[in-house]
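Here is what each chain is made of, one letter per residue.
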Amino acid sequence: YKDAIDSYELYYKAAPKDDKLDIHSCENFLQSLYSQANFARITEVTTELLPLAPKDMVIRRMDFFAKVNKIGEAMDYEAAIADAEKASAYLNDTEYADSNYISIDYEYAAALAKEKQDYPAAIAAYEKALEKDASKVVNYRELAKTFSSNKQTDKALATYHTYIEKKGEKVDLIDYFGLGQEYLKACRNEQDPAKKDEYIAAGDAAFNKVLEKEPGYYKAVMQQANLHIRNAQEPEDEPKALYEKALSMMPSKNDGKSSEEDVLSANPHRHLAAQYLAFYYAQKEDFDSCRKYVNLMLEADPESANGKSFDATLKSMGK
């Protein structure tokens, strides 16, 4: 593709921009640029090409894809959204037969809708993408996440399970971790204690699948601890035990085997676990144990506001 771009650039720069321009070569040029994620060059070229071939679907498609991809880096976010919306007009152009559209058209429509936090539109777009190509199973996962963002918990969970089923033997640690996170979000939004118990059990099962595949993956245990917090204002034994377990699994500069990079990467998780445990023991009035975890908080993040607050309180008590 890189070699193709070099050759197409030579042709495109030399060719007159009139009715003799080989539009099919320009389509290939744009698609080659897309393969290399050169979105800035795509929009430069489409700006020149669209007046010459305003109904060429490939040119309009590439223009839209590039403009959606450029939203994240735009200095003027609202203007970038507006440009992408304008470029998306081909999706509703009745001059094109439905068969001309492909899954990725609707994937980008969903991405734009999510940028606008228009989750119903994103859901509709992902459903169209799956109608076009149900073999792209990743779109079931994205649809599930979008249902979740739209607070449609049951549909989010059902769709994520469909994703897991369709992926079959290729299901990996990340997939089960994502499923567990969906149950965690569902649990946070659920008021019915029985339903909450159901979500906690299912989330635990998903994170245990992660740990089956990678026993030392402490981030899954951190999520389990969070999952088991039923009342954040009270010290609870289940999250306490899970945070202790997660801490015991984390790389440490004192274990003689972990790299500095791994230790630094674990510090935000170490801080979070130690913070809960400091809170737990403070509520239990076991201030010696509380001091142990406050020290760990400050070791993980010397500038921690919560750590400093705990530290000052304990010092005022002579601890």
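Structural notes, computed from the coordinates. (Residues numbered from 1 in each chain as written. Predicted model: local features only at pLDDT ≥ 70, side-chain atom pairs only at ≥ 80, totals over all residues. Heavy atoms only, no water.)

1. Concerning helix α13 (residues 237-249)
Taking 1.5 Å of rise per residue, the 13 residues of α13 would be expected to cover 18 Å, and the 19 Å separating its terminal C-alpha atoms lies within 8% of that figure. Taken together, the buried positions of α13 are occupied by Pro239, Lys240, Leu242, Tyr243, Ala246 and Leu247. Contact partners of the buried residues in α13: α12 (218-227), α14 (260-283) and α15 (287-300). (Helix = DSSP H or I, 4+ residues; strand = E, 2+ residues; numbered from the N terminus. Expected span 1.5 Å × (residues − 1). Buried < 20%, exposed > 50% of the residue type's maximum accessible area, 1.4 Å probe, protein only. Contact = heavy atoms within 4.5 Å.)

2. Quick notes on the nonpolar core
Counting 94 residues, the largest nonpolar core has Leu49, Phe64, Tyr90, Tyr243 and Met250 as its most contacted members. Not counting the four nearest positions on each side in its chain, Tyr243 is found in contact with Met222, Ala225, Asn226, Ile229, Ala273, Tyr276 and Leu277. (Core = buried A, V, L, I, M, F, W, Y, C linked by side-chain atoms within 4.5 Å.)

3. Side note on the packing of aromatic side chains
Under the definition given, this model contains 20 aromatic pairs. Both rings, one in Tyr12 and one in Phe29, keep their centres 5.7 Å apart while their planes meet at 45 degrees; by these two values the pair is tilted. Of this pair, Tyr12 sits in helix α1 (residues 2-14) while Phe29 sits in helix α2 (residues 23-35), placing them 17 residues apart in sequence. Like Tyr12, the residue Phe29 is buried in the burial classification. (Phe/Tyr/Trp six-rings, centres within 6.5 Å; stacked < 30°, edge-to-face > 60°.)

4. Comments concerning the environment of Gln31
Mapped onto the fold, Gln31 is located in helix α2. Distance from Gln31 to Ile42, taken between C-alpha atoms, is 8.7 Å for residues 11 residues apart in sequence. Excluding its chain neighbours within four sequence positions, the residues that come into contact with Gln31 are Val58 and Met62.

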